[in-house]
Amino acid sequence: MTIIAFFNDKGGVGKTKLAYHLAHMIARLRHRVLAVDLDPQANLTSAFFDEPVLERLWDGSSGTVFSGVEPILRGLGDIATPPPIEAGEDLWILPGDLALSRFEDRLSESWTRGYDGDEAAIRVTTAFHRMSRQAATSVGADIVLIDIGPNLGAINRAALLASDWVVIPLAADLFSLQGLRNLGPTLRAWRLSWSTNTYPKVPAGVDAPRGTMQPVGYVVLQHAVRLDRPVLAYDRWLRRIPAEFHRSVLDDKDPAPGVDDDPFRLASLRNYRSLMPLAQDARKPMFDLRAADGALGSTGRLVLTCEREFRALAHAILQKIGVERPPAQPT
């Protein structure tokens, strides 16, 4: 089982849209996928379900990630992993919940208490890891995708700790560059703190992550294109991303990659502005839109482009994490 988090502490870059579409795409590439919504805004959950379903889920918070950690919060015991909800063929979701924000303080105070090997504190810190693994095991999922909110708080620290890999969505702008400068050192600090202070003291019998949080790479989202090339305003920032990613996230002291030859650039996805409203109304991924959904003429052709780009991105991620082999090179 492999757990991948989608994270950027800068909001508004299309992170949840990316996680939603990749969950669907990876599922159709013959993988069983569990999507876990650990963003207290629960945007990924609302992308999957309509309001009547959301109302039932959040009426008493039964069957959500919050209900899974509520016994810890109330001092009644350990996690109670809810059954994942089927969201498509080979695709399940562990729904998010706005109430999850109530777990933030408990996670925050448990982090340093774990330095002393406090089992109760370590069980709090590892709650997301254990819940994700238990839920994935229950449906036989081999890929877990975690959507995380845009901040560097305790909920996100615990969510990232549960992750083997991290995909970083970006916009081609100054704010995303600054986000990388914050994100990279923070990831390294969390990884070091866990591996040196807490992980060696995890009690026997507690399923704890190694806390690798290994960067897979970055995806540039929402850029405008003209004749299949980024427009000038975006291109200026796009060309600064590789060096900043290598310097801030990978801690590379002498970064030199260009935008076209950076192995950590997983994709640059165009802005599918005309497809998003149709996809939201149809409650399906953009690449599944059909003529009956309003995808006619040039919009229909854009759907095909969208499908190709997301399929290529899914393969790129799966190859980077070692789940798929790269295609054989021609001899």
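Shown above is the structure to which this text applies.
This one's a predicted model, so the numbers in the text were calculated from it and none came from an experiment.

Conventions we followed
- Think of each chain on its own: its residues are numbered from 1, step by step along the sequence as written.
- This being a predicted model, a pLDDT of at least 70 is required before a residue's local features are given, and a value of 80 or more before pairs of side-chain atoms are given or counted; all residues contribute to the totals for chains, interfaces and linings.
- Here the side-chain values reflect all heavy atoms present in the structure, with hydrogen atoms and water set aside.
- Exposed residues in this analysis have more than 50% of their type's maximum accessible area, buried residues have under 20%, and partly exposed residues fall in between, with area computed by a 1.4 Å probe over protein chains only.
- A run of H or I in DSSP counts as a helix once it spans at least four residues, and a run of E counts as a strand once it spans at least two, with each numbered from the N terminus.
- Contacts: residue pairs with any heavy atoms within 4.5 Å of one another.
- We count a salt bridge whenever a side-chain nitrogen from Lys or Arg sits within 4 Å of a carboxyl oxygen from Asp or Glu.
- The set of buried Ala, Val, Leu, Ile, Met, Phe, Trp, Tyr and Cys residues whose side-chain atoms join them within 4.5 Å is what this entry labels a nonpolar core.
- At least two bridges found by DSSP between two strands is the condition for calling them paired.

*Asks:* Kindly report on helix 4 (residues 65-73), identifying the contributing residues and their values.
*Replies:* Across the nine residues of helix 4, seven count as buried, placing the element largely inside the fold. V65, F66, S67, G68, V69, P71 and I72 are the residues of helix 4 that are buried. On its buried face, helix 4 sits against strand 2 (33-37), strand 4 (91-94), helix 5 (104-113), helix 6 (119-125) and helix 7 (127-139). Phi turns positive, to about 70°, at G75, one or two residues after helix 4.

*Asks:* Break down the pattern of salt bridges for me, with residues and values.
*Replies:* One pass over the full model with this rule turns up 17 salt bridges. R247 is the partner of E244 in a salt bridge, and the nearest nitrogen-oxygen pair spans 3.2 Å. Placement of the pair is E244 and R247 together in helix 11 (residues 241-249), with a separation of three residues, close to one helical turn. E244 sits in the buried class, given a relative accessible area of 7%. For R247, a relative accessible area of 41% gives the class partly exposed. Put simply, D78, E119, R123 and R130 are held in one network by salt bridges that share partners.

*Asks:* Just give me the short version of the environment of L73, but keep the residues and values in it.
*Replies:* Along the polypeptide, L73 turns up in helix 4. L73 sits 31 residues away from A42 along the chain, and the two C-alpha atoms are 19 Å apart.

*Asks:* Which residues make up the nonpolar core, and what are the values?
*Replies:* Core analysis: the largest hydrophobic core is formed by 58 residues, its most contacted members being L34, F103, F128, L160 and I168. Among all residues touching L34, those that are not within four sequence positions of it are P84, W92, I93, L94, S132, A135, A136, A141, I143, V144 and L145. Counting 45 residues, the second-largest nonpolar core is a separate cluster that includes A35, A267, M276 and L313.

*Asks:* Could you give an account of the environment of P209, with specific residues and numbers?
*Replies:* Position of P209 relative to the elements: it lies in the loop between helix 9 (174-198) and strand 7 (214-223). Residue P209 is classed as buried on the basis of its relative accessible area, which comes to 5%. Along the sequence, P209 and P40 sit 169 residues apart, while their C-alpha atoms lie 22 Å from each other. If we skip the residues at most four places from it in the chain, P209 touches T126, H129, L161, A162, W194 and Y199.

*Asks:* Tell me about the pairing of strand 1 (residues 2-6), residues and numbers included.
*Replies:* Across a regular strand the side chains alternate sides, sitting on one face of the sheet and then on the other. In terms of residue burial, strand 1 counts as a mostly covered element, since five of its five residues are buried. Burial of the side chains of strand 1 extends over both faces: T2, I4 and F6 are buried on one face and I3 and A5 on the other. In this structure, strand 1 lies alongside strand 5 (residues 143-147), joined through five bridges in parallel fashion. Each bridged residue has a counterpart across the sheet, and for I4 the counterpart in strand 5 is L145.

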